[in-house]
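An overview of the molecular structure
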Amino acid sequence: MAAALLPGTRITFSGAWQQVRGPVIVPLLRASVLLCVAMSAMLLAEKVYMAVVVLALRLLGRRPELQYRWEPMRDGDDPELGSAAYPMVLVQIPMYNEREVYQLSIGAACGLSWPSDRIIVQVLDDSTDPVVKELVQVECQRWARKGVNIKYETRNNRRGYKAGALKEAMKHGYVKDCDLVAIFDADFQPEPDFLSRSVPFLVHNPDIALVQARWKFVNADECLMTRMQEMSLDYHFKVEQEVGSSTYAFFGFNGTAGVWRISALNEAGGWKDRTTVEDMDLAVRASLKGWKFVYLGDLKVKNELPSTFKAFRYQQHRWSCGPANLFRKMVMEIIKNKKVTLWKKIHVVYNFFFLRKVVAHIMTFVFYCLVIPATVLVPEVEVPKWGCVYIPAIITLLSVVGTPRSVHLVIFWALFENVMSLHRTKATFIGLLEAHTVNEWVVTEKLGDTVKTKMPSKALKKLRIGIGERLHLWELGVAAYLFICGCYSISFGNNHYFIFLLMQSIAFFIVGVGYVGTFVTQ
């Protein structure tokens, strides 16, 4: 009986598909192709524009030291003045259960070359592990015995996470004597000359609120995933931040390795915990008050990239969801602002938020992982070659120029970025729609030297035991979809899409089974 019904069932499904295909699927897919190609063209224009600006800056030799007034700090002609010529600097290190890196960050902050009576190191410890809290406190006491003015501050709750900790830290009485505040996350290790190179911009230019340094990654060669991250972040710092700084005196504060003018921070409304990107929130509000930012590409601060996929995924969720949610909250405030120029408002709304934080994520996943594979199943819909080959190729090449040593990894980078666009797209919609996980905050795990001290045999044992815990169903589902489309393209297609589809399917599958990043035993 079941066998007799089967042919009829196939006819029913086939008939339903044919009825829906012509009037619904084909027009919808054509509209999707048109929209995605248009978004690709928008991103291409943005990439080319930034490439031209960076090239012009290099040819003209336009450096921040020439664009703004800068001269080294001096004690002054009056010997009695002494170190009073130096502004009072507060150095903040927010941390949360940072067992692996707390000594590195505290040691680097205490080693900054600055008059000892003009600097306060403030360790903001939100740790919930009592052992870690004791270790951090003992480390602070050790530096205090060496004569460093170091303060160990804790809270009885984690309300507001990092933003809450920074906000509470500014309420202490000794902070009112400080002019500037330098912020370093727990895995950041500034060089001793960090303040002497950055602070003069703030001292000699009263309209500058922020000086941002570049990140230098100490574990970029740890695994292929960290190499991919380095390529993406190098582009962000060498291109996006530099273009924003040189053309609009605005860019998104990276939350660490930067020095703020405290008066500007207060004028902007201080730290707020309404999104998971409190650093970007503060930067936008300060910019709307008319303050300028300076990015120093030659000033590098060592830090650690997340090397486990779990940590990286949580980080990317926060970095994608937070900006989208902030865009939702501030777009009208930016448009109505009367203190900044029209061009700056267009840059912030269109380039900074809409293109980079919304369009880039959604287009990457929808176009390359959904729409193009779907056109294989619906051959009536064609994607113009310039839209599916030439534009993506140019965008990709322009995106990896910041890391010349990794150009040979460009194909792996493109495939990995497409995989991560799944999480970024999901997070972007959560931020735009302000869904229930919009303020989800998971501190990015730092490993320090942990990986070097683990036995490979134990790591492999952990890998075998924990394989079931590392399956990611979203990635596996997309991998299956791409594999089916790739096989269909081989059998019935008249183009070579199957090459990309099968490679992308493999990339999704590898991530789906958790075989990416560093594996660490517990």
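No experiment lies behind these values; they were computed from the predicted model shown. (Residues numbered from 1 in each chain as written. Predicted model: local features only at pLDDT ≥ 70, side-chain atom pairs only at ≥ 80, totals over all residues. Heavy atoms only, no water.)

Summing up its helical and strand segments, the protein chain has 17 helices and 7 strands in all. The C-alpha atoms of the protein chain give 26 Å as radius of gyration, which agrees with the globular expectation for 522 residues (24 Å, within 12%). Dimensions of the protein chain, computed from the C-alpha atoms along their principal axes, are close to 100 × 55 × 40 Å. For the protein chain, the residues scored as buried account for 54% of the 522 residues in total. A separation threshold of at least 6 residues defines the contact pool for the protein chain, and within that pool the share at least 24 residues apart is 83%. As presented, the protein chain carries roughly 24400 Å² of accessible surface, and 61% of it is formed by carbon and sulfur atoms. Counting 60 positive and 47 negative side-chain charges, the protein chain places the averaged centre of each group 6 Å from the other. (Helix = DSSP H or I, 4+ residues; strand = E, 2+ residues; numbered from the N terminus. Rg over C-alpha atoms; globule rule 2.2 N^0.38 Å. Buried < 20%, exposed > 50% of the residue type's maximum accessible area, 1.4 Å probe, protein only. Contact = heavy atoms within 4.5 Å. Areas by Shrake-Rupley, 256 points an atom, 1.4 Å probe, with all protein chains shown as cover. Lys, Arg positive; Asp, Glu negative; His and termini not counted. Charge placed at Lys NZ, Arg CZ, Asp CG, Glu CD.)

Looking now at the environment of methionine 330. Of note, methionine 330 is situated in helix H10 (residues 309-336). Residue classification places methionine 330 among the buried positions, given a relative accessible area of 0%. Spatially, the C-alpha atom of methionine 330 lies 8.9 Å from that of aspartate 281, the residues being 49 residues apart in sequence. Methionine 330 has contacts with Arg274, Asp281, Val284, Arg285 and Leu288, leaving out every residue within four places of it along the chain.

According to UniProt, the feature "domain: Glycosyltransferase 2-like" (unreviewed entry) maps to residues 181-375 in the numbering used here. In the segment residues 181-375, helix accounts for 59% and strand for 15%; the C-alpha atoms at its two ends are 54 Å apart. (UniProt positions renumbered as here; feature names shortened; annotations may be inferred.)

Let's shift gears to empty space enclosed by the protein. Under the defined criterion, the tally for this structure stands at 2 cavities of 30 Å³ or more. Considering only enclosed or pocket space, the largest cavity measures out at about 60 Å³ in volume. His236, Glu240, Gln241, Gly244, Phe250, Phe251, Gly252, His347, Phe352, Arg356 and Lys357 together form the lining of the largest cavity. Breaking the lining of the largest cavity down by element, the ones donating at least two residues are helix H7 (224-248) and helix H11 (342-377). When grouped by side-chain class, the residues that make up the lining of the largest cavity number 3 nonpolar, 5 polar and 3 charged. Approximately 30 Å³ is the volume found for the second largest cavity. Counted by class, the lining of the second largest cavity contains 3 nonpolar, 1 polar and 2 charged residues. (1 Å grid on protein atoms, 1.4 Å probe; cavity = no way out; pocket = protein on both sides within 12 Å on 5 of 7 lines; lining within 4 Å. Points joined across faces, edges and corners; volume = space filled by probe spheres on them. Nonpolar A, V, L, I, M, F, W, Y, C, P; charged D, E, K, R; others polar.)

Let us look at the pairing of strand S3 (residues 150-154). In the sheet, strand S2 (residues 119-125) pairs with S3 via 5 bridges, with the strands oriented parallel. By the bridge assignment for S3, glutamine 122 is matched with lysine 151. In this fold, the crossover linking S2 to S3 by way of helix H4 (residues 130-145) has right-handed handedness. (Pairing = 2+ DSSP bridges. Right-handed = clockwise from strand over helix to strand, strands pointing away.)

The next point concerns the packing of helix H9 (residues 278-288) against H10. Here H9 crosses H10 at 15 degrees, and the two axes come no closer than 11 Å. One finds that H9 runs roughly parallel with respect to H10. Our pair here, H9 against H10, has a crossing hand that is right-handed. Of the residues in H10, those in contact with Met280, Asp281, Val284, Arg285 and Leu288 of H9 are Pro323, Leu326, Met330, Glu333 and Ile334. (Axes fitted to C-alpha atoms, helices over the stretch in contact; angles between N-to-C directions. Parallel < 35°, antiparallel > 145°, perpendicular 65-115°, else oblique. Left-handed = near helix turned anticlockwise from the far one by under 90°.)

The UniProt record marks residues 31-60, 358-378, 390-416, 471-491 and 497-520 with the feature "transmembrane region" (unreviewed entry), using the residue numbering of this structure. Structurally, residues 358-378 comprises 95% helix and 0% strand, and the distance from its first C-alpha atom to its last is 28 Å.

This next bit is on the side chain of serine 489. Position of serine 489 relative to the elements: it lies in helix H16 (residues 473-492). A polar contact of 3.4 Å, which involves the side chain of serine 489, links it to the backbone nitrogen of phenylalanine 498. In this structure serine 489 touches Val376, Asn495, Tyr497 and Phe498, once residues within four positions along its chain are discounted. (Polar contact = N/O pair within 3.5 Å; in protein donor to acceptor, adjacent residues only side chain to side chain.)

Whether parallel or antiparallel, the strands of a sheet pair through hydrogen bonds between backbone atoms. Spatially, S3-S2-S1-S4-S6-S5-S7 is the arrangement adopted by the 7 strands of the open sheet, whose pairing is mixed. Among the strands making up the open sheet, the edge pair consists of S3 and strand S7 (292-303). Mean inter-strand twist for the sheet, computed between neighbouring axes without regard to direction, equals 20 degrees. Of the pairings in the sheet, the one linking strand S5 (residues 208-217) to strand S6 (residues 258-261) comprises 3 bridges and is antiparallel in character. Residue pairing for S6: leucine 210 is matched across the bridge by tryptophan 260. Seen against the sheet, H4 touches strand S1 (89-95), S2 and S3 and runs at an angle of roughly 160 degrees to S3.

Right, let's talk about the packing of H11 against H16 for a bit. Between H11 and H16, the least distance of the axes is 9 Å, while the angle of their chain directions is 35 degrees. With respect to the hand of their crossing, H11 and H16 are arranged in left-handed fashion. Residues Phe365, Cys369, Leu370, Pro373, Ala374, Val376 and Leu377 of H11 form the contact with H16, whose participating residues are Val478, Tyr481, Leu482, Cys485, Tyr488 and Ser489.

On to the state of the cysteines, then. The full count for this structure, using the stated rule, is 0 disulfides. With no disulfide of its own, cysteine 388 has cysteine 36 as its nearest cysteine by sulfur position, at a separation of 12 Å. Since its relative accessible area comes to 16%, cysteine 388 is described here as buried. (Disulfide = S-S within 2.5 Å.)

In terms of nonpolar packing, the biggest core is built from 93 residues, with Ile106, Leu195, Trp260 and Phe293 touching the most fellow members. Looking at this core element by element, the count peaks at 7 residues for S5. Discounting residues that sit within four places of it in the chain, phenylalanine 293 has contacts with Tyr68, Ala209, Leu210, Ser245, Ala249, Phe250, Phe251, Trp260, Ala283, Ala286 and Ser287. Among the nonpolar cores identified, the runner-up in size contains 51 residues, and Met39, Phe309, Phe312 and Leu501 belong to it. (Core = buried A, V, L, I, M, F, W, Y, C linked by side-chain atoms within 4.5 Å.)

Here the structure, examined in full by the defined rule, presents 20 salt bridges. Between aspartate 221 and arginine 405 there is a salt bridge; the shortest N-O distance is 2.8 Å. Residue aspartate 221 is located in the loop between S5 and H7, and its partner arginine 405 is located in the loop between helix H12 (385-399) and helix H13 (410-433); the two are separated by 184 residues in the primary sequence. By relative accessible area, which is 55% here, aspartate 221 ends up exposed. Residue classification places arginine 405 among the partly exposed residues on the basis of a relative accessible area of 39%. Its salt-bridge partner being glutamate 434, residue arginine 328 comes within 3.4 Å of it at the nearest N-O pair. Remark: glutamate 434 occurs in the loop between H13 and helix H14 (450-453) and arginine 328 occurs in helix H10; sequence separation between them is 106 residues. One network of salt bridges, with partners in common, ties together Asp221, Arg227, Glu230 and Arg405. (Salt bridge = Lys/Arg side-chain N within 4 Å of Asp/Glu carboxyl O.)

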